[in-house]
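Structural overview for review
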Amino acid sequence: MTTTLRRQALFGLLGLLLLAGVIRLFEYTTTPEPAQNRDELAWAWTGQSLIETGTPSSWSYLPAYPSVGVQPTFDGTYMPYVHDWFDSPPLFALLVGATAMAAGETTPQSVTPGVVRILPILLSLVTLCLLFFLTRAVVGDRWAWLAAVLFAFSPWMVETSHLVEAESLLAPMLLGALLLMVDGRERTRPQLIGLLAICLLAPLVKLVGVAIGISVAALLLLQRRWKPAVLAATATVPGPLLYVVYGMAINGSLFWAVMRAQANRHGTFPVAAWEFLGSLRASLGDFVPLHDPFWYVGLLAVAAVALFWWDRRADLIVVPVAVYVAVMAATGPDRTGELVYDAGWYRITVYPLLFAAVAVIVSRLWETRRLILRNSPPVPAAWSERDRS
């Protein structure tokens, strides 16, 4: 296969995207139940208010907000409503709010899952496409199909594609950044600009997006590309700073109070690391367990790649997973004392790379099998005749 996909392969990929989209649309408005995860409303309401008034308003349970009202939802539930909402950066909220408003949902009470959940489903399909191309660059065409098919039809990936969470945007941003680094593509000006733009914007989606810029810089350092590495690290810094400027411009004192409240939720390094990596309570929402065994299979695959098959292209899988785990361990919340499940959507960002790691392991085992068969001594004819008798 040449550097571009053959026509048959292109049609195959389009067909896979179509099937994956159809599966993701099945019961997407009710899985999970809207009452189990209200984050979709938080993002949509914030985006709506930013677009209409220039200031963010949404629901929040953080104690930092001095004045709390109530806002009815589409299903009659009342949520604590605050003005100058600073729970998260605004970029993903703007996308969700714009999606709702484009469909005519212009007030908080009019926002419905049937509209806003379309956005993460589309982002999941973009992630699927980027995963195919990245795995193809790392380990070849056959195994790219394996990773893509597993991702497309994984019940856990179908379920998480219904979650309106910022990680659904961070995932394709991470894969896009890694694709721009394949075979030194970032050395050309347009690709380098695209790479630096992702590093800049990722923290404005969610602050853990700094992991993307750190991953890019680390990968470039491993490749001894010193100048692009410095540029990537430098481009990562303005994102959090812009978030601070955004908060200070709207309500500085409240912004810092919310940041302190968020910091108080963070757990110790081992607790946060365990909740992200190993917790069996990962969920789609409160009391909605994800029941996701593939996460652990994928982590083992990443570890095996790092220990036994780490090469220049495998860096694109191992390094981002390691960096993201470290960032989550350093910043993740401690929810062990709460009567809720751990937020499984925190894993969405790196989940596609676990499918790529599994494809790498299968390809290496297949190649090992071929080498064993090729180098094994032939079976004597007399033994073959005796075995037949």
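The sections below set out a description of the structure shown in this document. Bear in mind that the values here come from a model prediction, so they are computed numbers and not experimental data.

Along the polypeptide, Ser-363 turns up in helix H16 (residues 351-375). For Ser-363, a relative accessible area of 5% puts it in the buried group. For Ser-363, the side chain forms a polar contact with the side chain of Arg-364, separated by 3.5 Å.

Once that is clear, we can look at the nonpolar core. In globular proteins that are soluble, nonpolar side chains generally tend to be buried together. Counting residues in each nonpolar core, the largest one holds 118 residues, and the members touching the most others are Phe-92 and Leu-134. Ranked by the residues each element gives to this core, the list is headed by helix H5 (residues 118-139), at 11 residues. With residues up to four places along the chain from it excluded, the contact list for Phe-92 reads Trp-43, Leu-119, Leu-123, Val-164, Glu-165, Ala-166, Ser-168, Leu-169, Leu-204 and Val-205.

A cluster of nonpolar side chains, contributed by Leu-19, Ile-23, Val-149 and Phe-153, occupies part of the molecular surface with about 310 Å² of accessible area. Those elements that provide at least two residues to the nonpolar patch are helix H1 (7-25) and helix H6 (141-153).

Right, let's get into the packing of aromatic side chains. A full pass over the atoms with the stated rule returns 18 aromatic pairs. Between Trp-43 and Trp-85 the ring centres are 6.1 Å apart and the planes differ by 75°, which places this aromatic pair in the edge-to-face class. Taken as a pair, Trp-43 in helix H2 (residues 39-53) and Trp-85 in the loop between strand E3 (78-83) and helix H3 (91-102) lie far apart in primary sequence, 42 residues in all. Since its relative accessible area comes to 5%, Trp-43 is described here as buried. A residue is classified by how much of its surface remains accessible, and Trp-85, at 3% relative accessible area, is buried. Feature note: the residues Phe-151, Phe-276, Phe-294, Trp-295, Tyr-324, Tyr-351 and Phe-355 constitute an aromatic cluster, connected by ring pairs.

Moving on, we come to the environment of Leu-284. Checked against the element boundaries, Leu-284 lands in strand E4 (residues 282-285). A relative accessible area of 2% places Leu-284 in the buried class.

What follows concerns the packing of helix H10 (residues 210-222) against helix H15 (residues 315-331). The N-to-C vectors of H10 and H15 enclose an angle of 135°; their axes lie 9 Å apart at closest approach. With respect to H15, the element H10 is oriented oblique. As H10 packs across H15, the resulting crossing turns out to be right-handed. Every residue of H15 that contacts H10 at Val-210, Ala-211, Ile-214, Ser-215, Ala-218, Leu-219 and Leu-222 is listed here: Asp-315, Leu-316, Val-319, Pro-320, Val-323, Tyr-324 and Val-327. Of the residues that constitute the contact of H10 with H15, the class distribution is 12 nonpolar, 1 polar and 1 charged.

Attention now moves to the pairing of E3. Pairing of strand E1 (residues 57-59) with E3, which is carried by 3 bridges, proceeds in the antiparallel orientation. Within the sheet, the bridge partner assigned to Ser-58 lies in E3 and is Val-82. In the sheet, strand E2 (residues 69-72) pairs with E3 via 4 bridges, with the strands oriented antiparallel. Within E3, the residue paired with Gly-69 across the bridge is Tyr-81. The turn joining E2 and E3, which pair antiparallel and follow one another in sequence, is formed by 5 residues; a positive phi near 90° is taken by Gly-76.

Conventions adopted
- Residues numbered from 1 in each chain as written.
- Predicted model: local features only at pLDDT ≥ 70, side-chain atom pairs only at ≥ 80, totals over all residues.
- Heavy atoms only, no water.
- Helix = DSSP H or I, 4+ residues; strand = E, 2+ residues; numbered from the N terminus.
- Buried < 20%, exposed > 50% of the residue type's maximum accessible area, 1.4 Å probe, protein only.
- Polar contact = N/O pair within 3.5 Å; in protein donor to acceptor, adjacent residues only side chain to side chain.
- Core = buried A, V, L, I, M, F, W, Y, C linked by side-chain atoms within 4.5 Å.
- Contact = heavy atoms within 4.5 Å.
- Patch = residues over 30% accessible without salt bridge, like charges linked within 9 Å, V, L, I, M, F, W, Y side chains within 5 Å.
- Areas by Shrake-Rupley, 256 points an atom, 1.4 Å probe, with all protein chains shown as cover.
- Salt bridge = Lys/Arg side-chain N within 4 Å of Asp/Glu carboxyl O.
- Phe/Tyr/Trp six-rings, centres within 6.5 Å; stacked < 30°, edge-to-face > 60°.
- Axes fitted to C-alpha atoms, helices over the stretch in contact; angles between N-to-C directions.
- Parallel < 35°, antiparallel > 145°, perpendicular 65-115°, else oblique.
- Left-handed = near helix turned anticlockwise from the far one by under 90°.
- Nonpolar A, V, L, I, M, F, W, Y, C, P; charged D, E, K, R; others polar.
- Pairing = 2+ DSSP bridges.

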